[in-house]
Amino acid sequence: MVENGNNNLHVSRAKKTDEFYTELSLIEDELKHYRDYFQDKIVFCNCDDPAYSNFWRYFQLNFYKLGLKKLVSTHYESTKKSYKLEIIRQNDKIGQLSFMPDYVQTPLEQNGDFRSSECIEILKEADVVVTNPPFSLFREYINQLIEYKKKFIVIGNQNAVTYKEILPLVMENKMWLGYKSGHFWFRVPDSYEEKKTDFKIDETGQKWRRMGNICWFTNIDIEKRHENMTLFRNYIPEKYPKYDNYNAIRVVLVCNI
Ligand SMILES: C[S@@+](CC[C@H](N)C(=O)[O-])C[C@H]1O[C@@H](n2cnc3c(N)ncnc32)[C@H](O)[C@@H]1O
């Protein structure tokens with residue numbers, strides 16, 4: 001079988017190998033478009049070991065610049081109790097942009113599963129969730145955010161728009177794509193097996209895997225949503241065949257719309 005970034009997704013789903021750590025530059029490139037949104041918000045990173053997560057790092061570094069009210073990150077353990085990290089705004093320190101905020105670490109009673117009652121309580125208090133969730137639980141993850149009416153900016157695979165749980169959300173304007181998409185490299189644990197393609201080990205010995213069709217999903221009203229698309233194709237039935245089992249026509253490329 002030829003391996004590509006997309007096959008890495010199938011492997012993730014089958015074996016639940018969900019440890020793909022996001023690069024800081026990927027986060028910065030997307031979140032620069034949402035800068036004004038974060039003022040006075042409570043941000044929750046609910047799939048993020050603060051020791052590894054660049055989501056935690058991004059929000060800690062930019063806590064005052066973004067004007068955050070609170071940042072919470074929970075770490076997941078499969079079989080034992082976990083912990084959370086929190087930064088809470090202290091009004092006397094607003095404006096000191098070079099100041100790195102202190103955090104508080106608190107043990108959790110449960111294992112930090114985003115579906116646990118403890119994490120759901122944190123979710124209820126949060127305004128927005130920003131992370132790269134486990135690929136194997138993407139459907140459940142998005143549905144929980146929709147159920148609790150939360151704003152989100154999360155990384156996923158573009159193919160997720162075809163899932164029966166996700167497509168209706170896109171069609172009903174309950175979520176849409178963010179700015180950046182493409183094939184991106186993620187750090188993976190040492191225990192991950194080597195691959196012939198979409199795999200590398202850097203000079204420090206760190207393993208990396210490349211995932212294909214990665215994109216951002218959000219329900220925050222971004223400028224991109226309001227840009228008009230220039231459409232220049234005409235509808236010709238032979239060029240746009242109709243699906244047998246679905247009332248839709250096939251348009252292979254965005255530029256063919
Ligand atoms: C794709 S990785 C991304 C990690 C981190 N958010 C980042 O972007 O670097 C998904 C993470 O979710 C964690 N995870 C797996 N199942 C989870 C669950 N049920 N609840 C919370 N986190 C979970 C995994 O341990 C893994 O670290």
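Above this text sits the structure in question.
Definitions and limits used
- Residues numbered from 1 in each chain as written.
- Predicted model: local features only at pLDDT ≥ 70, side-chain atom pairs only at ≥ 80, totals over all residues.
- Helix = DSSP H or I, 4+ residues; strand = E, 2+ residues; numbered from the N terminus.
- Rg over C-alpha atoms; globule rule 2.2 N^0.38 Å.
- Buried ≥ 20, exposed ≤ 12 C-beta atoms within 10 Å, placed from the backbone.
- Arc of directions from axis to C-beta.
- Contact = placed C-beta atoms within 7 Å.
- Near = placed C-beta within 6 Å.
- Nonpolar A, V, L, I, M, F, W, Y, C, P; charged D, E, K, R; others polar.
- Axes fitted to C-alpha atoms, helices over the stretch in contact; angles between N-to-C directions.
- Parallel < 35°, antiparallel > 145°, perpendicular 65-115°, else oblique.
- Left-handed = near helix turned anticlockwise from the far one by under 90°.
- Core = buried A, V, L, I, M, F, W, Y, C linked by C-beta atoms within 7 Å.
- Pairing = 2+ DSSP bridges.

(A) Examining the overall build of the protein more closely. Scanning the protein from terminus to terminus reveals seven helices and nine strands. Here the protein has a C-alpha radius of gyration of 20 Å; the compact-globule value for 257 residues is 18 Å, and the two agree. C-alpha atoms of the protein, sized along the principal axes, occupy 65 × 40 × 35 Å. Out of the 257 residues in the protein, the part that is buried amounts to 28%.

(B) Structural detail: helix α2 (residues 24-31). Inspection of α2 places I27, E30 and L31 among the buried residues, and these make up the whole buried set. What you see down the axis of α2 is that its buried residues fit within an arc of 90°, all on one side. Residues of α2 that are buried sit in contact with α3 (54-61), β7 (176-188) and β9 (207-218).

(C) Up close: the site of the ligand. Among the 19 residues in the neighbourhood of the ligand, the closest are listed as Y21, T22, C47, Y76 and N132. Residue composition of the shell around the ligand, grouped by class: nine nonpolar, six polar and four charged.

(D) Structural view of the packing of α2 against α3. Between α2 and α3, the least distance of the axes is 9 Å, while the angle of their chain directions is 55°. Relative to α3, the element α2 is oriented oblique. Between α2 and α3 lies a crossing whose hand is right-handed. Where α2 approaches α3, its residues L24, I27, E28 and L31 are matched on the opposing element by N54, F55, R57 and Y58. Tallied by class, residues from the contact of α2 with α3 come to five nonpolar, one polar and two charged.

(E) Layout of the nonpolar core. Ranked by size, the top nonpolar core spans 47 residues in total, and within it V43, F44, F59, A126, V129 and V130 carry the most contacts. Here this core takes five residues from β9, the largest share from any one element. Sequence-distant contacts of A126, that is, excluding residues within four places in its chain, are made with I42, V43, F44, V72 and K150.

(F) Summary view of the environment of L123. Along the chain, L123 falls in helix α5 (residues 117-125). Each C-alpha atom, one on L123 and one on Q144, is 9.7 Å from the other, the two residues being 21 residues apart in sequence.

(G) Local environment of the pairing of β9. Judged from the five bridges that link them, strand β6 (residues 151-157) and β9 form a sheet pairing that is antiparallel. Bridged to I155 within β9 is W216. Note that β7 and β9 share nine bridges and pair antiparallel. Residue L177 lies in a different strand from β9, and its bridge partner there is F217. Alignment of strand β8 (residues 199-201) against β9, held across three bridges, turns out to be antiparallel. Note on β9: the bridge partner recorded for K200 is W208. Hairpin connection between β8 and β9: a loop of five residues separates the two successive antiparallel strands, and G205 in this loop has a positive phi of roughly 90°.

(H) Layout of the pairing of strand β3 (residues 83-88). Direction of pairing for strand β2 (residues 70-74) relative to β3: antiparallel, over a ladder of five bridges. Bridging from a neighbouring strand, T74 pairs with K84 of β3. Pairing of β3 with strand β4 (residues 104-107), which is carried by four bridges, proceeds in the antiparallel orientation. The residue of β4 that forms the bridge with L85 is Q105.

(I) Representation of α5 in the model. Turning to α5, its buried residues number three or more, namely C119, I122 and L123. Projected down its long axis, α5 shows its buried positions confined to an angular sector of 105°, all on one face. Within α5, the exposed residues directed more than 90 degrees away from the buried face are S117, E121, K124 and E125. Residues of α5 that are buried make contact with β1 (42-45) and β2.

(J) Spatial organisation of unusual backbone geometry. Backbone geometry at D40 places phi at a positive 65°, although glycine is not the residue there. When you line up the elements, D40 lands in the loop between α2 and β1. Residue classification places D40 among the exposed residues on the basis of 11 C-beta atoms within 10 Å. Although it is not a glycine, D198 sits at a positive phi angle of roughly 55°. Here D198 shows up in the loop between β7 and β8.

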